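# Survey of secondary and tertiary structure
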Amino acid sequence: MEEIDMLLEMAQDSMERAMKHTQIELSKIRAGKASVTMLDGIQVEYYGIMTPLSQVSSITTPDARTIQIKPFERKTIGDLERAIINSNVGLNPANDGETIRLNVPPLTEERRRDLVKKVKAEIEVAKINIRKVRQETNDDLKKLKNDGVSEDAIKMGEEKVQKITNQFIDKTDQMFAHKETDIMQV
């Protein structure tokens, strides 16, 4: 039984990691409002080393449609601007010599639908990962039969794995519903 509990705990941890990854990916999908997380993942060459944008500048959102980037060193403003353009975030930087402003345009209905499709694809990836964890755990449970664990204990373990899987699938559905309403809200 101890081995089964350990496998269930490992499965739950793996499913939680899949959920956290999905949350990070969903936060990068913009919902028409300016957010500093939209710039996560943008790297800038800073003294010969690729560095995250957030580590070489101060990033703020003065209003719902604007992201303001103020570099810690004024001479790096050109590098920051190039990194934003090359990152394909779909925003055009406006440089005034000291700060960079990114205006986030309002989303069209068609663009909103495309974003919802993108969210749905991310949610499907999460569900696939969760089901993959379930399958691997069930396979590990079946291997315990060779170690002398009873079939009833293995069946109970598989039922618990299924219950955990269903909980996480429900959570992903809730994440999708929340993000969809966030995107479709005008």
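Residues numbered from 1 in each chain as written. Predicted model: local features only at pLDDT ≥ 70, side-chain atom pairs only at ≥ 80, totals over all residues. Heavy atoms only, no water.

### Describing unusual backbone geometry
With a phi close to 55°, Y47 is a non-glycine residue in the positive phi region. For Y47, the location among the structural elements is in the loop between β1 (43–46) and β2 (49–52). Taking relative accessible area as the criterion, Y47 reaches 59% and is therefore assigned exposed. (Helix = DSSP H or I, 4+ residues; strand = E, 2+ residues; numbered from the N terminus. Buried < 20%, exposed > 50% of the residue type's maximum accessible area, 1.4 Å probe, protein only.)

### Some words on the sheet that holds strand β4 (residues 66–71)
Two modes of strand pairing occur in sheets, parallel and antiparallel, and in both the strands are linked by backbone hydrogen bonds. Across the sheet, which stays open at both edges, the four strands sit in the order β3-β4-β6-β5 with antiparallel pairing between neighbours. Looking at which strands have only one partner, the edges of the open sheet turn out to be β3 (57–63) and β5 (93–95). Strand-to-strand twist in this sheet, taken as the mean axis angle between neighbours without regard to direction, amounts to 25°. Pairing of β3 with β4, which is carried by five bridges, proceeds in the antiparallel orientation. Considered in β4, the bridge of T60 is made with Q68. (Pairing = 2+ DSSP bridges. Axes fitted to C-alpha atoms, helices over the stretch in contact; angles between N-to-C directions.)

### Details of the side chain of K179
Considering the arrangement of structural elements, one finds K179 in helix α4 (residues 151–184). Every residue in contact with K179, bar those within four places of it in the chain, is listed here: L26, S27, I29 and V119. (Contact = heavy atoms within 4.5 Å.)

### Focus on the packing of helix α3 (residues 109–143) against α4
For the pair α3 and α4, the least separation of the axes is 10 Å and the interaxial angle reads 170°. It follows that α3 is roughly antiparallel to α4 by the angle criterion. Residue composition of the contact of α3 with α4, by class: 15 nonpolar, six polar and 12 charged. (Parallel < 35°, antiparallel > 145°, perpendicular 65-115°, else oblique. Nonpolar A, V, L, I, M, F, W, Y, C, P; charged D, E, K, R; others polar.)

### So, the nonpolar core
Core analysis: the largest hydrophobic core is formed by 28 residues, its most contacted members being I4, V119, I130 and L141. Elements supplying a minimum of two residues to this core: α1 (2–27), α3 and α4. It is α4 that contributes the most residues to this core, nine residues altogether. For V119, the residues in contact, after removing those within four places along its chain, are L26, I29, F176, K179 and I183. (Core = buried A, V, L, I, M, F, W, Y, C linked by side-chain atoms within 4.5 Å.)

### Observations concerning helix α2 (residues 77–86)
An α-helical segment advances 3.6 residues per turn. Residues three or four places apart therefore align on the same side. Listing the buried residues of α2 in full gives I77, L80, E81, A83 and I84. Down the axis of α2, the smallest arc covering the buried residues is 160°, so these residues share one side. Residues I85 and N86 are exposed on α2 and point more than 90 degrees away from its buried face. Each element contacted by the buried residues of α2 is listed here: β1, β3, β4, β5 and β6 (100–103). N88 sits one or two residues past α2 and shows a positive phi near 60°. (Arc of directions from axis to C-beta.)

### Notes on the environment of T61
Within the element layout of this structure, T61 appears in strand β3. Considered as a pair, T61 and R101 are 40 residues apart in the sequence and their alpha carbons are 9.5 Å apart.

### Some thoughts on the environment of E73
Among the secondary structure elements, E73 is positioned in the loop between β4 and α2. For E73, a relative accessible area of 25% translates into the label partly exposed. When the C-alpha atoms of E73 and V133 are compared, they prove to be 46 Å apart, with 60 residues separating the residues in sequence. Ignoring sequence-local partners within four residues, the contact set of E73 consists of Y46 and Y47. Only 2.5 Å separates the side chain of E73 from the side chain of Y46, close enough to count as a polar contact. Among the polar contacts listed, one links the side chain of E73 to the side chain of Y47, at a separation of 2.9 Å. (Polar contact = N/O pair within 3.5 Å; in protein donor to acceptor, adjacent residues only side chain to side chain.)

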